[in-house]
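Architecture at a glance
This is what each chain is made of:
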Amino acid sequence: MIPALDIDPFCTAFFDDPYPAHAAMRDAGPVVYLPRYDIHAVARYDDVRGMLMDWGSYTSARGVGIFDFAKEKPWRLPSLLLEADPPLHDRTRKLMDKVLSPAAVRALREAFAIAADTLIDDLLARGSFDAVRDLAEAYPLTVFPDAVGMPVENRRFLLPYGNMVFNSFGPRNSFFETAVADAEPVLAWVQAQSKRDALSVTGFGAAIHAAADDGDISAAEAEVLVRSLLTAGVDTTVNGLCAAVYCLARFPAVFAQLRADPSLARLAFEEAVRLESPVQTFFRTSTRDVTIGEETIPEGSKILMFLGAANRDPRRWERADEYDITRRNAGHVGFGTGIHGCVGAVLARLEGELVLGALARKVGSIEIVGEPKRRYNNTLRGMAFLPVRMTAA
Ligand code: OVM
């Protein structure tokens, strides 16, 4: 018997405090059934990881949201990476791995470091500010579109677009409807930004389009791959940086530890990604009757993977709910793993390292000075408002 749990993972109460429900799902068994949405779910580390590694049994090509592309027409052209299986996926992924290679990202380090130092200097001069808008959003919205080769105008449009796409992986609830209304005015703009002529001749966008010249992909495919960057490259890092600042502000002793050794910046960011898991969930669809634990789940089932619950599974992590920047957290699944593991992780980690490094060197204290507000999203975990005061070191 697969345990059926009366949990709604797409509602305000759940988003406000998902941890008791995460624990209930993990403790109920390796796989649970959520009748409210007629879906299965896995929340234990081993089972989430096992699903991520087995793309043959758990396809992404039928969508990684709650809707099955085999039954309903997808609302947008499917992503050639996220919503594809091999062999198509491997062809596009190989190209994106090259575009976002460690060497390509290393070349950005100097400019990204200057941007991080400048931002933190400016924020210190202000003293009090909203760490969401003025820090966690401001930094990726500068460095990432620069790296892609986008014009300076209207970059904030990327936020409502990402918010909509990440909401669209969940049910058609009020979070989704609101996000669609917010994004509607920017849809044409995003589409236009993926075109070759909209992008500078250097940058990730141009590199993708150049692959079309070599015949690796078609010109139309190049645009859809640029769209992947624009979709997945901003809201994710915004919420990752937000998670890190939120952790450092809540745990001053950990911030002191980081200040004493700024070389911990990279690990401090990684640990925030583990603990807060900016991308909380993705779905897969079973391609055959599959066995999880002792249970059989039929072909064509939508199965929700709780990355955030796996990253706090006490079966895997000691003091799972603690923000510990010296722990060995390398196995966390906050960036996924397997063939669909985050293609931009090298870039995200660079951003995290440089912002947290600047905080470690320049800032003496971070204090939360007002009521933080959560941002509700069917996939992403993050804040809408985080008022803080920072003092100089
Ligand atoms: C894409 C895409 C969109 C959203 C998320 C994502 C986390 C990828 O269009 O490829 O990865």
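Before reading further, recall that the structure is shown in the block above.
A brief report on the enclosed structure follows. (Residues numbered from 1 in each chain as written. Predicted model: local features only at pLDDT ≥ 70, side-chain atom pairs only at ≥ 80, totals over all residues. Heavy atoms only, no water.)

For the rest of this paragraph, the subject is helix 13 (residues 235-250). Compared with the 22 Å implied by 1.5 Å per residue over 16 residues, the 22 Å span of helix 13 between its first and last C-alpha is a close match. Here helix 13 lies mainly inside the structure; 15 of its 16 residues are buried. (Helix = DSSP H or I, 4+ residues; strand = E, 2+ residues; numbered from the N terminus. Expected span 1.5 Å × (residues − 1). Buried < 20%, exposed > 50% of the residue type's maximum accessible area, 1.4 Å probe, protein only.)

All right, on to the pairing of strand 12 (residues 387-392) then. Looking down a regular strand, the side chains alternate between one sheet face and the other. With three bridges connecting them, strand 4 (residues 128-130) and strand 12 associate as antiparallel partners. In the sheet register, Ser128 faces strand 12, and the bridge partner there is Arg389. (Pairing = 2+ DSSP bridges.)

Here the focus is the environment of Arg259. Along the chain, Arg259 turns up in helix 14 (residues 252-260). Put simply, Arg259 and Leu359 are 100 residues apart on the chain and 7.9 Å apart in space, counted from C-alpha to C-alpha. When neighbours within four sequence positions are excluded, Arg259 is seen to be in contact with Ala360, Val363, Gly364 and Ala393. Here Val363 takes part through its backbone oxygen, which lies 3.0 Å from a polar atom of the side chain of Arg259. (Contact = heavy atoms within 4.5 Å. Polar contact = N/O pair within 3.5 Å; in protein donor to acceptor, adjacent residues only side chain to side chain.)

It is worth spelling out the sheet that holds strand 12 at this point. On the basis of which strands lie adjacent, the open sheet formed by three strands has the order 4-12-9 and antiparallel pairing. Strands with a single pairing partner mark the edges of an open sheet, and in this sheet they are strand 4 and strand 9 (363-368). In this sheet, neighbouring strand axes are inclined to one another by 30° on average, regardless of whether the strands run parallel or antiparallel. Judged from the five bridges that link them, strand 9 and strand 12 form a sheet pairing that is antiparallel. Paired with Ile366 across the bridge in strand 12 is Met390. Helix-sheet contacts for helix 6 (residues 109-126) involve strand 4, strand 9 and strand 12, and the interaxial angle to strand 12 is about 100°. (Axes fitted to C-alpha atoms, helices over the stretch in contact; angles between N-to-C directions.)

As a matter of local geometry, the ligand sits amid Arg76, Ser79, Leu82, Phe166, Ser228, Thr231, Ala232 and Phe282. Within the side chain of Arg76, one N or O atom sits 3.0 Å away from an oxygen atom of the ligand. Measuring from an oxygen atom of the ligand, one finds a side-chain N or O atom of Ser79 at 2.6 Å. Contact with the protein chains covers 86% of the free accessible surface of the ligand, which is 300 Å². A total of three residues in the shell around the ligand trace back to one element, the largest contributor, which is helix 12 (residues 219-232). (Near = heavy atom within 4 Å. Areas by Shrake-Rupley, 256 points an atom, 1.4 Å probe, with all protein chains shown as cover.)

Bringing helix 4 (residues 88-99) into the picture now. With twelve residues, helix 4 should reach 16 Å at 1.5 Å per residue; the first-to-last C-alpha distance of 17 Å fits that figure. When we look at burial in helix 4, the residues that qualify are His89, Thr92, Arg93, Leu95, Met96 and Val99. Within helix 4, the buried residues cover an arc of 160° as seen down the axis, which keeps them to one side. In helix 4, the exposed positions that point more than 90 degrees away from the buried face belong to Lys94 and Lys98. Looking at the packing, one finds that the buried side of helix 4 touches helix 5 (102-106), helix 11 (204-213) and helix 12. (Arc of directions from axis to C-beta.)

Inspection of the entire model under this criterion finds 27 salt bridges. Where Arg93 meets Asp97, a salt bridge forms, and the shortest distance between an N and an O atom there is 3.0 Å. In this pair, Arg93 and Asp97 both sit in helix 4, four residues apart, roughly one turn of the helix. Looking at Arg93, the relative accessible area reads 16%, which means it is buried. Owing to a relative accessible area of 37%, Asp97 belongs among the partly exposed residues under this scheme. Across the salt bridge formed by Arg389 and Glu367, the nearest N and O atoms sit 3.5 Å from each other. Of this pair, Arg389 sits in strand 12 while Glu367 sits in strand 9; the two residues are 22 residues apart in sequence, bridging distant segments of the chain. Residue classification places Arg389 among the partly exposed residues on the basis of a relative accessible area of 38%. Looking at Glu367, the relative accessible area reads 41%, which means it is partly exposed. (Salt bridge = Lys/Arg side-chain N within 4 Å of Asp/Glu carboxyl O.)

Function cannot be inferred from these measures alone, as they are strictly geometric.
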